[in-house]
Amino acid sequence: MILNIENINVHYGAIQALKDVSFNLNEGEIVTLIGANGAGKSTCLNTISGILHPTSGRVTFIDEEITNTSPQDIVKKHMIQVPEGRKIFASMSVWENLEMGAYIHSDRSQIKKRIDQVFERFPRLKERRNQPGGTLSGGEQQMLAISRGLMAEPRVLLLDEPSMGLAPILVEQIFDIIREINHNGTSILLVEQNALMALSIADRGYVLDSGKVVLEGKADDLLRNPMVIKAYLGGEAIGSEL
Amino acid sequence: MNTSLRKSIRPGATIGIVHIFFVLIGFNMLVAILFARVSGVKQPDAIPAPVYLMAYSITMGIWAGVAAAQKRKQEFRQVAFAGCVAGGFAGIMAGLLEFGLAIILVKNINVRDVLTVLSANFIKGTLFGMQPAMGVMVTVMLFALGGTLGGALVAFWNSTPFQAFLNRGIRFTKDSVQKAQGVTHGKNRLLWQIASISLLALAVVFLPLNWGSYWNYVLGTVGLYVVLGLGLNIAVGLSGQLVLGFIAFFAIGAYSMALLNAPLPYHLMWGFWPALVLGVLLAAVAGLLLGLPLMRLRGDYLAIVTLGFGEIIRILLKSDVLTAYTGGPRGIQNIGGPTIFGRPFVTDVDFMYLIIGAMLLAMFIYSRLQNSRTGRAWLAIREDETVARASGVNTVRYKLLALVIGAAFAGLAGAIFASRNQFTGPEEHSLMASINVLSLIIVGGLGSIPGTIMGAFALKGLPEILREFENYRLLAFGALLVAMMLSKPDGFIPSRRPKFQIPIQPETREAPKEQDHD
Ligand SMILES: Nc1ncnc2c1ncn2[C@@H]1O[C@H](COP(=O)(O)OP(=O)(O)OP(=O)(O)O)[C@@H](O)[C@H]1O
Ligand SMILES: [Mg+2]
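Residues numbered from 1 in each chain as written. Chains lettered and ligands numbered in written order. Predicted model: local features only at pLDDT ≥ 70, side-chain atom pairs only at ≥ 80, totals over all residues. Heavy atoms only, no water.

### Quick word on the environment of G85 of chain A
- Positionally, G85 of chain A belongs in the loop between β6 (79-82) and α3 (94-101).
- For G85 of chain A and I5 of chain A, which are 80 residues apart along the polypeptide, the C-alpha to C-alpha distance reads 24 Å. (Helix = DSSP H or I, 4+ residues; strand = E, 2+ residues; numbered from the N terminus.)

### Details of the nonpolar core
- Counting residues in each nonpolar core, the largest one holds 86 residues, and the members touching the most others are L228, I234, F249 and I416 of chain B.
- Sort the elements by how many residues they give to this core and helix α16 (residues 395-421) of chain B lands first, with 14 residues.
- Ignoring any residue separated from it by four or fewer positions in sequence, one finds L228 of chain B in contact with F246, I247, F250, A410, A413 and V437 of chain B.
- Counting residues in hydrophobic clusters, the runner-up holds 49 residues, among them A102, F122, M143 and V228 of chain A. (Core = buried A, V, L, I, M, F, W, Y, C linked by side-chain atoms within 4.5 Å. Buried < 20%, exposed > 50% of the residue type's maximum accessible area, 1.4 Å probe, protein only. Contact = heavy atoms within 4.5 Å.)

### Here's the deal with the coordination of the magnesium ion (ligand 2)
- S42 of chain A (OG) and E84 of chain A (OE) make up the full set of protein donors to the magnesium ion (ligand 2), lying at 1.9 to 2.7 Å. In this pair, S42 of chain A sits in helix α1 (residues 41-48) while E84 of chain A sits in the loop between β6 and α3, placing the two residues 42 residues apart along the sequence. (Donors = N, O, S within 2.8 Å, 3.2 Å for Na, K, Ca; no water.)

### Let's talk about the interface of chain A and chain B
- Facing 24 residues of chain A, the contacting portion of chain B comprises 27 residues.
- It is F89, Y103 and N130 of chain A in chain A that bury the most area against chain B; as a group they hold 25% of the surface buried on that side.
- The tally of links between chain A and chain B comes to three salt bridges.
- Between E96 of chain A and R376 of chain B there is a salt bridge, with its nearest N and O atoms 3.7 Å apart.
- Summed over the shared surface of chain A and chain B, the number is seven residue pairs in polar contact (both at pLDDT 80 or more).
- The set of elements that each furnish at least two residues to the side of chain A that touches chain B consists of α2 (71-76), α3 and α4 (108-121) of chain A.
- A per-element tally of the side of chain A that touches chain B places α3 of chain A first, with four residues.
- Among the residues forming the side of chain A that touches chain B, the class breakdown is 11 nonpolar, five polar and eight charged. (Buried area = accessible area lost by both parts, 1.4 Å probe. Salt bridge = Lys/Arg side-chain N within 4 Å of Asp/Glu carboxyl O. Polar contact = N/O pair within 3.5 Å; in protein donor to acceptor, adjacent residues only side chain to side chain. Nonpolar A, V, L, I, M, F, W, Y, C, P; charged D, E, K, R; others polar.)

### Considerations on the pattern of salt bridges
- Within this structure, the stated rule accounts for 21 salt bridges over all chains.
- The partner of E153 of chain A in a salt bridge is R114 of chain A, with the nearest N and O atoms 3.9 Å apart. One end of the pair, E153 of chain A, is in the loop between α6 (138-150) and β7 (156-160); the other, R114 of chain A, is in helix α4, and 39 residues separate them in sequence.
- With its nearest N and O atoms 2.9 Å apart, the salt bridge here joins E311 of chain B to R314 of chain B.

### Side note on the packing of aromatic side chains
- All chains considered together, the criterion is met by 12 aromatic pairs over all chains.
- Seen in terms of ring centroids, Y214 of chain B and W215 of chain B are 5.8 Å apart; in terms of plane orientation they differ by 75 degrees. Their pairing is edge-to-face.
- Y214 of chain B gets classed as partly exposed once you look at its relative accessible area, which sits at 40%.
- Ring centres of F249 of chain B and F309 of chain B lie 5.5 Å apart, and the angle between their planes is 40 degrees; on these two criteria the pair is classed as tilted. You can see F249 of chain B sitting in helix α9 (residues 247-260) and its partner F309 of chain B sitting in helix α11 (residues 299-318), a full 60 residues away along the chain. Both residues of the pair, F249 of chain B and F309 of chain B, belong to the buried class.
- One aromatic cluster in this structure is built from F156, W157, F162 and F165 of chain B.
- The positively charged end of R373 of chain B is found above the aromatic ring belonging to Y103 of chain A, 4.1 Å away from the centroid.
- Note that R397 of chain B overlies the ring of Y398 of chain B, its terminal NZ or CZ placed 5.6 Å from the centroid. (Phe/Tyr/Trp six-rings, centres within 6.5 Å; stacked < 30°, edge-to-face > 60°. Lys NZ or Arg CZ within 6 Å of the ring centre and 35° of its normal.)

So, in C-alpha cells, the structure goes:
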C-alpha cells in the first residue's frame, strides 16, 4: 500500500467536511474518488497533500505517517497534487510554470531533461513555451497543470477534477494521458465528477457523500452498482448515447 | 448645422468647461506662474505679467484644437479650421466667464466666501489687465488662434511626408539600438558595463557637490523614499501582500536612531552606525512579529490589520504614557549624524552620499532577490498561493521573509531620515505617509525598480519643486492617478520580469538557423 488514509476527520472551523473517511491506494493503481459537489473530494486531496490537517485520523505514505507533515515536505516525498480548476501561474510562461513544478529540485540539467520529456508528450506546450500560461486555452492549461505536476517526478499523483469544463474530445484525451502516466509507473488518486470516465480507467473507486465514504469496490462493480448508476451515471448514461 | 462643425464644437465645449473650472480654482494663474518661471523670471508675482496668461489661453486653445482635429482624415485646411472652431468655441465660453467676472468686479460683489481665489486682482489679471470688453475679445482670439495652431499641428503630424519622416526616424533608432545591443551584449559587454558603471560613479561623486543644499535635501528625501518604496515593493509588488501601515517600520528605524543617538531623553549617544544597525534589526524583528500572526490572513484582512498596526505605533509614540520614553507629540531633537573616517557628516551634501549608498544597496539587494529562487517563489505566491504550496513552496516562510526584508529596508530609510533631519516626531509617521509610499509604488509600476524611482520622484520630488502647487497636490494626485489608471494601468514603468526566450533546442544556439535552411 503506497497511500493509506485511516479514519480522518477534517473540520473547517465548526463545519465538519470529512467524517471518518478511510481509503487506500496501492502501488501502480488508479483509484478514483467520486461524489457530488461539496462531498468533500477536494478536502480529501488537500488533507493528503498537507494543505489541511485532520483533527483526528492518520495518513500514511509508504511506511511513514505524514498526517501533520507540511505541503513542501510532502512534495519532496514525490507525492504531488494538481489542484482543481486548471490552476496555473497565469503570468509565468509555460516554461516557467514547468520550472515551478520542479521547484524542490535544484539540478538544472535534470529539470531540463524533465521539461524535454514533458514537451515530447505535449508538443502543443512546446510550441507555446514562451507564452504566458494565462493565454493558453482551457485544455492546454489543464495539460500544463498536469505537466507541472509531472515535473516533480511523482510517485503518487493526486488529480483534482482534471476533466472539469473541458469538451468531450479533450476529456478523452486527458484520460488517455492519465492512463499513460499510470502505465509509466505513477500511482494515481483521481478525483472526478465524471464518474463514468473515471471508473472506466480506474482499478478501484470510492463514493463520497456528505463527507462519508458510502460505497467502495472494484471499478467494474461500481459501474454496475444500481445506486451508482442512479446517482452518478444516470445523466451520463444518456449523455454518452448522444 | 453640419455634422463636421458639431464635431468640432463638442471638444471645444469640453475644454471650455475645463477652463472655467481651472479659473474658478485659480489654476490658470499657477500655469502662468510656471510659464514665467520656465522663461526665466526668478520670482514671479502672484499675478504674473499678462503675456504669461495669454500663453495659458493659447495653450488651452491648442488643447481644444488638438482634441477636435484628432481622428480626422481630411485636408490640412479643413483640419486647421476644425481646430479653430473648437478653440473659438472654448474661447467664447471663456469670454462669457470673464464677462461674468467683470460684472462681479464692477458691481463689487463679494464671492470670495465661496470662491476664495476670485479677488479683484485675480480677475483683473485674468482679463490681462485690460478693459473688460477688450479682455474678452482678446481671450476669444487667443483661444481661436491656439485652436487653429493645434489643428494645424495635428494635420501636420498626420501628413504623409511627416509620417514617412517619423517612420524613418523610428527605423533608424531601432537599428541603432540593435547595433548598440550588439556592442553591449557581445564580447564587449564587460567593457561596456565597466564604462557605464564608472560614468555613473563619476556622476554620483560629483553631482551632489554642485547641486547645492536645497537640491540635495529634496533629492535626498526622494532617495530615502526610493529605499522605503523598494521595501514596500518587496511585500506588495513581489510577494503580493497588501501591507498598509508600512510607515510603522520606518518609524521604528527613525525612533531607534533617535533614542540611541540623541542627547534627550536618554543621552545614550551610541553613535550613528550602531544605532543604524539596531534600527534595521528592530524593524526587521517587528516585521517578523507582525507577520507571524498575519500568515493566515490574505487580501483585505491583511491590509486592515497592517493598517491598524501602523496607527497603533503612531499613537503609542505620541501617547502620554510613553512621553517620558519617546518624547511624546513633540518628538525627539538633536539626533546625531554619522562620522566616516573621522569626518562628521552634517550637511545635506554629506547625507546625499550616504543616501545614494543606501539606495544602491537597496537596489542591489532588491534586484538580486527578484531574480533569485526566492523571487520566483514570491511570484508564484502572488499568482496563486494554493498552487505555490502544491508545488512545494514554503509559502509561510517566503511571505514572512518578504515582510522582514521589506521592514528592514524601511528601518534603514527611517534611521537615515531621522539622523539627517536631526528630528523625528509621531506625525511624520502618519497614515498619510503610508498611503504616500503605497501610491508611489503603484504610480511608478508595482514591482519595478525604475518605477519606484520614478514614483518617488513624482510624489515626493515634484511637490517640493512645484511649491506653488502645494495646495493642489491632492488634486494633482487624484488627476494623476485617474489619468494613469486609464492610460497605464500597470504604472509608468511596469515590472518586466526577465523573459528568457527558450529556443527550440536550448543546448544548441544554431538550431533556429538550421530551420531557415530547411
Ligand atoms: N475553506 C473552506 N471553509 C469552509 N468550508 C469549506 C471550505 N472549503 C470547503 N468547505 C466545505 O467543505 C465541504 C466539502 O468541500 P470540497 O471542496 O471538499 O468539496 P468537493 O467534493 O471537492 O466539491 P466540488 O466537486 O464542487 O469540487 C463543502 O461543504 C464546502 O462548503
Ligand atoms: Mg473539489
